[in-house]
Amino acid sequence: PSAHLQTYAQRAQKHANPAAKALLETIERKKSNLCVSVDVTKQADFLRIIDVVGPYICLVKTHIDIIEDFDPSLIDRLRELSEKHDFLIFEDRKFADIGNTVALQYSSGVYKIASWSHITNAHPVPGPGIISGLASVGRPLGRGLLLLAEMSSKGNLATGAYTAEAVHMARTHRDFVVGFIAMRRMESVPTPDASVVDEDEDFLVLTPGVGLDVKGDAMGQQYRTPREVVFESGCDVIIVGRGIYGKGSDAEVQAQAERYRKEGWAAYEDRIST
Ligand code: 5IU
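Residues numbered from 1 in each chain as written. Predicted model: local features only at pLDDT ≥ 70, side-chain atom pairs only at ≥ 80, totals over all residues.

The protein carries the name Orotidine 5'-phosphate decarboxylase in an unreviewed UniProt entry, which gives Wolfiporia cocos as its organism. Per UniProt, the protein has the following entry under Catalytic activity (unreviewed entry): "orotidine 5'-phosphate + H(+) = UMP + CO2". The annotation that UniProt attaches to the protein under Pathway (unreviewed entry) is "Pyrimidine metabolism; UMP biosynthesis via de novo pathway; UMP from orotate: step 2/2." (UniProt positions renumbered as here; feature names shortened; annotations may be inferred.)

Below you can see the structure in the form of structure tokens.
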């Protein structure tokens, strides 16, 4: 059966990539397919929110370059929280340059993303060289890459033939590409070269643009519910930002995290039992 009709545990057992395997195991262990996106600009807020939502998440998504008072000790604190609460880390870097440059951006600079982020992502726009560049750094460390096959924002250009080429690039680099940022499952996307299709492929689909209370924002974001994303569209992980951390007090943030965890998990249970 298609990957999304199997349990996370079954998929974890078979997955060859260490980061994907660890994520699937964490999802199963914590009964959470919730990733919280923590888009705040101060270290203290960043760490406090992650400590509050930690028990309810499988993955934390970061934009490390928006932290104004960043210093390298923040990474040590983040790692401590990931061990305390048992979640993985996804730096949403959206690499988009040629292979040589992204290898440097991934390994070096102020943030040294590859050294702490289990999963990162890239735009397929530069072609397969971007995967080779990132893999040269990330594969020896057991990291995994997601390709941006689709986006959640209104009017985005990641559609049609572009999405199909992204899927094709993933299928030809399965040792390092572990899945997609997408709005639905990608198995049925017609691939430009059928010879690369593998009946047993298991790409994780992580999906932003998830919210229960509002339909969008003033800058083109579009929200769907966890049920629409996980049950109807077959996605594996819901990514929620302002719907959780934007709710004020720690108690409210915690309540929202638990609410989204429950919704996402119930949608998954319904999916595998149909
Ligand atoms: N994000 C999207 N849509 C996308 C991609 C990434 O929203 O297509 I690719 C990021 C942006 C933000 C988070 O960091 O996911 C969603 O945050 P909100 O839930 O606050 O909208």
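1. Focus on the environment of Ala-114
Inspection of the secondary structure assignment puts Ala-114 in the loop between helix 5 (99–107) and strand 4 (119–122). Separated by 40 residues in sequence, Ala-114 and Leu-74 have C-alpha atoms that sit 15 Å apart. Every residue in contact with Ala-114, bar those within four places of it in the chain, is listed here: Tyr-106, Ser-107, Val-137, Gly-138, Leu-141 and Arg-143. (Helix = DSSP H or I, 4+ residues; strand = E, 2+ residues; numbered from the N terminus. Contact = placed C-beta atoms within 7 Å.)

2. Things to note about the environment of Leu-81
Counting through the fold element by element, Leu-81 comes out in helix 4 (residues 73–85). Taking the C-alpha atoms as reference points, Leu-81 and Pro-140, separated by 59 residues in sequence, lie 24 Å from one another. Apart from residues no more than four positions distant in its own chain, Leu-81 is found in contact with Leu-47, Ile-50, Asp-51 and Gly-54.

3. Remarks on the pairing of strand 8 (residues 237–240)
Working note: regular strand, side chains alternate between the two faces of the sheet. On strand 8, burial covers both faces: Val-237 and Ile-239 on one face and Ile-238 and Val-240 on the other are all buried. As paired strands, strand 7 (residues 204–207) and strand 8 are joined by 2 bridges and run parallel to one another. The residue bridging Thr-207 from the neighbouring strand is Ile-238, located in strand 8. Following the backbone out of strand 7, through helix 8 (residues 226–232) and into the adjacent parallel strand 8, one traces a crossover that is right-handed. (Buried ≥ 20, exposed ≤ 12 C-beta atoms within 10 Å, placed from the backbone. Pairing = 2+ DSSP bridges. Right-handed = clockwise from strand over helix to strand, strands pointing away.)

4. Structural notes on the UniProt feature "active site" (unreviewed entry) in the protein
In the UniProt entry, the feature "active site" (unreviewed entry) is given for Asp-92, Lys-94 and Asp-97. With respect to the element layout, Asp-92 can be found in strand 3 (residues 88–95). If we skip the residues at most four places from it in the chain, Asp-92 touches Lys-61, Thr-62, His-63 and Asn-121. For Asp-97, the location among the structural elements is in the loop between strand 3 and helix 5. Judged by C-beta crowding, with 17 C-beta atoms within 10 Å, Asp-97 ranks as partly exposed. Those residues in contact with Asp-97, other than ones at most four positions away along the chain, are Val-102 and Pro-126.

5. As for the site of the ligand
Inspection of the region around the ligand gives 17 residues, with Met-151, Ser-152, Pro-208, Gly-241 and Arg-242 positioned closest. Of the residues contributing to the shell around the ligand, the split by class is 6 nonpolar, 8 polar and 3 charged. (Near = placed C-beta within 6 Å. Nonpolar A, V, L, I, M, F, W, Y, C, P; charged D, E, K, R; others polar.)

6. Comments concerning the UniProt feature "domain: Orotidine 5'-phosphate decarboxylase" (unreviewed entry) in the protein
The residues that UniProt annotates with the feature "domain: Orotidine 5'-phosphate decarboxylase" (unreviewed entry) are residues 33–257. In the segment residues 33–257, helix accounts for 33% and strand for 17%; the C-alpha atoms at its two ends are 11 Å apart.

7. A word on the sheet that holds strand 8
Spatially, the 8 strands close up into a barrel ordered 1-2-3-4-5-6-7-8, and their pairing is parallel. Across the sheet, the mean angle separating the axes of adjacent strands is 25 degrees when strand polarity is ignored. Pairing analysis gives 3 bridges linking strand 6 (residues 177–181) to strand 7, with the strands arranged parallel. Bridging across to strand 7, Phe-180 finds its partner in Val-205. (Axes fitted to C-alpha atoms, helices over the stretch in contact; angles between N-to-C directions.)

8. Looking at the packing of helix 3 (residues 43–53) against helix 4
Where helix 3 meets helix 4, the axes come as close as 10 Å, and the angle between the chain directions of the two elements is 5 degrees. As far as their axial angle goes, helix 4 and helix 3 are roughly parallel. Contacts between helix 3 and helix 4 involve Gln-43, Leu-47, Ile-50 and Asp-51 from the first element and Leu-74, Arg-77 and Leu-81 from the second. Considered class by class, the residues forming the contact of helix 3 with helix 4 number 4 nonpolar, 1 polar and 2 charged. (Parallel < 35°, antiparallel > 145°, perpendicular 65-115°, else oblique.)

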